Amino acid sequence: MKTNTSTIRLIYPQWQGGNVAAMVPEVKDPDDAARGYYLGAQLLDFLAPCGGQETLTVPVSTQIGERRVTDGVLDRNVILRQTKAALEMLRASDPGRIVTLGGDCSVSVVPFTYLAAKYGGDVAMVWIDAHPDITLPGDPYPGYHAMAVTACMGHGDAKIVAELPAAFDPSKILFVGLRNWERGEIKARQHQYGIKHLTPEEVAADSDALRAWLKSCGASKVVVHFDMDVLDPAEIVAAVGTDPDGMKIEAVIRVINDIAAEKELVGLTVAEPMPRTAIRLRDMLGRLPLLE
């Protein structure tokens with residue numbers, strides 16, 4: 001059977017994975033801040049070049065009621081419903097490559113595990129992020145976006161994980177740009193899982209260490225997650241996280257292009273955009289006469 005090599009553009013404005021309103025103090029309405037990733041996904045879709053690919057948009061609720069933690073995951077039932085919808089769309093389209101524009105970090109879980117299943121596990125995952133995203137239900141922070149990598153490994157909420165079509169072995173995962181584990185047990189968990197990482201300093205000048213890992217990872221294909229909080233806030237503030245000493249824009253561009261030069265790139269996600277200024281402008285415009 002011939003493999004479908006088409007590329008789709010997946011707009012996945014999921015915001016329920018985060019609990020970030022308090023981290024965006026300049027946005028006065030906490031509901032607007034909470035839904036910031038939704039607008040962020042729309043802006044990424046507007047800004048990112050499109051080569052004429054089929055575009056699919058995952059239906060994501062914008063309603064904010066009582067945000068409940070279920071089995072250790074905030075808004076678990078909503079996320080589960082949106083996970084099923086995204087998987088159904090991918091199975092119907094059967095793409096060979098997926099560009100995902102999100103949305104919180106968890107938007108990579110469905111397309112990456114879908115691609116891992118499609119290619120029989122012959123896929124490595126490079127997670128470019130300031131944080132490792134390996135928390136679990138029951139940890140102090142219940143946001144699913146911080147559980148994205150563990151979900152990709154088949155760990156976490158039983159109902160969500162049961163829907164995912166594949167799981168990544170830790171030996172095929174590399175963190176790049178990691179600089180904030182937030183809690184000591186997260187660093188210990190990464191060591192327990194055996195997931196390697198490269199700091200911003202280790203990829204600042206060249207991609208040699210990254211290339212060495214790619215050559216040893218045992219996969220011919222790769223998916224890349226680009227969390228915008230990996231970027232150095234001294235150069236640009238594009239996400240919720242503003243940890244200092246991050247990666248420069250040019251370094252991120254080089255790293256992703258070097259990955260694509262070494263392996264077949266079948267998945268690319270850009271995630272966690274928090275358009276603080278755009279949210280405030282929208283609020284301003286919504287309060288003007290004749291624009292209501």
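Residues numbered from 1 in each chain as written. Predicted model: local features only at pLDDT ≥ 70, side-chain atom pairs only at ≥ 80, totals over all residues. Heavy atoms only, no water.

Looking at an unreviewed UniProt entry, one finds the protein named Arginase family protein and attributed to Alistipes onderdonkii.

Draft legend 1. Region of interest: the nonpolar core. By size, the foremost hydrophobic cluster in this structure holds 61 residues, and its most contacted members are Tyr12, Met125, Trp127, Tyr144, Val149, Phe168 and Val223. Element by element, the count of residues in this core is highest for helix α4 (residues 109-118), at six residues. Non-local contacts of methionine 125, meaning those with residues more than four positions away in its chain, are made with Phe112, Val149, Cys152, Phe168, Lys172, Ile173, Leu174, Trp213 and Val223. In this structure, Ile11, Ala124, Cys217 and Met247 belong to the second largest nonpolar core, which totals 30 residues. (Core = buried A, V, L, I, M, F, W, Y, C linked by side-chain atoms within 4.5 Å. Buried < 20%, exposed > 50% of the residue type's maximum accessible area, 1.4 Å probe, protein only. Helix = DSSP H or I, 4+ residues; strand = E, 2+ residues; numbered from the N terminus. Contact = heavy atoms within 4.5 Å.)

Draft legend 2. The arrangement of the pattern of salt bridges in detail. For the structure shown, the criterion picks out 20 salt bridges. The partner of lysine 118 in a salt bridge is aspartate 94, and the shortest N-O contact between them spans 2.6 Å. With lysine 118 in helix α4 and aspartate 94 in the loop between α3 (76-93) and β5 (97-102), the pair connects residues that are 24 residues apart, well separated along the chain. We note a salt bridge from arginine 211 to aspartate 258, for which the minimum N-O separation is 3.3 Å. Taken together, the residues arginine 211 in helix α8 (residues 208-216) and aspartate 258 in helix α9 (residues 249-262) connect sequence positions 47 residues apart. Several salt bridges converge on common partners, so that one network encompasses Asp208, Arg211, Lys215, Asp258 and Glu262. (Salt bridge = Lys/Arg side-chain N within 4 Å of Asp/Glu carboxyl O.)

Draft legend 3. View of the side chain of glutamate 272. Looking at where glutamate 272 falls in the secondary structure, it is placed in the loop between β10 (264-271) and α10 (276-286). Among the polar contacts listed, one links the side chain of glutamate 272 to the side chain of tyrosine 37, at a separation of 2.6 Å. Non-local contacts of glutamate 272, meaning those with residues more than four positions away in its chain, are made with Tyr37, Gly103, Asp104, Cys105, His145, Asp227, Met228, Ala238, Ala239 and Val240. (Polar contact = N/O pair within 3.5 Å; in protein donor to acceptor, adjacent residues only side chain to side chain.)

Draft legend 4. Structural context of the packing of helix α2 (residues 36-47) against α10. The geometry of α2 relative to α10 is characterised by a closest axis approach of 10 Å and an angle of 100° between their N-to-C directions. Judged by the inter-axis angle, α2 sits roughly perpendicular to α10. Where α2 approaches α10, its residues Gly36, Leu39 and Leu43 are matched on the opposing element by Ala278, Ile279 and Arg282. Residues that form the contact of α2 with α10 fall into these classes: four nonpolar, one polar and one charged. (Axes fitted to C-alpha atoms, helices over the stretch in contact; angles between N-to-C directions. Parallel < 35°, antiparallel > 145°, perpendicular 65-115°, else oblique. Nonpolar A, V, L, I, M, F, W, Y, C, P; charged D, E, K, R; others polar.)

Draft legend 5. Expanded view of a nonpolar patch on the surface. A cluster of nonpolar residues, Leu281, Met284, Leu285, Leu288 and Leu291, forms a patch on the protein surface that exposes about 440 Å² of accessible area. Take methionine 284: its relative accessible area is 41%, and that puts it in the partly exposed class. (Patch = residues over 30% accessible without salt bridge, like charges linked within 9 Å, V, L, I, M, F, W, Y side chains within 5 Å. Areas by Shrake-Rupley, 256 points an atom, 1.4 Å probe, with all protein chains shown as cover.)

Draft legend 6. Local environment of α3. With 18 residues, α3 should reach 26 Å at 1.5 Å per residue; the first-to-last C-alpha distance of 26 Å fits that figure. Within the sequence span of α3, burial applies to Arg76, Ile79, Leu80, Gln82, Thr83, Ala85, Ala86, Leu87, Leu90 and Ser93. Phi turns positive, to about 55°, at aspartate 94, one or two residues after α3. (Expected span 1.5 Å × (residues − 1).)

Draft legend 7. Geometry of the packing of aromatic side chains. Summed over all chains, the structure comprises one aromatic pair. Ring geometry for phenylalanine 112 versus tryptophan 127: centroids 6.3 Å apart, planes at 85°, classification edge-to-face. With phenylalanine 112 in helix α4 and tryptophan 127 in strand β6 (residues 123-128), this pair connects stretches of sequence that are 15 residues apart. The exposure classification of phenylalanine 112 matches that of tryptophan 127, with both residues buried. (Phe/Tyr/Trp six-rings, centres within 6.5 Å; stacked < 30°, edge-to-face > 60°.)

Draft legend 8. Structural detail: the environment of lysine 172. One can find lysine 172 in the loop between α6 (158-163) and β7 (173-176). Note: C-alpha distance between lysine 172 and isoleucine 279 (107 residues apart in sequence) is 37 Å. Setting aside chain neighbours within four positions, we find lysine 172 in contact with Gly121, Val123, Ala124, Met125, Trp213, Cys217 and Gly218.

Draft legend 9. Representation of the packing of α8 against α9 within the structure. Two elements in contact, α8 and α9, have axes separated by 10 Å at closest approach and are oriented at 30°. In this structure, the crossing between α8 and α9 has a hand that is right-handed. For the pair formed by α8 and α9, the contact residues are Leu210, Arg211, Leu214 and Lys215 on the first element and Val255, Asp258, Ile259 and Glu262 on the second. (Left-handed = near helix turned anticlockwise from the far one by under 90°.)

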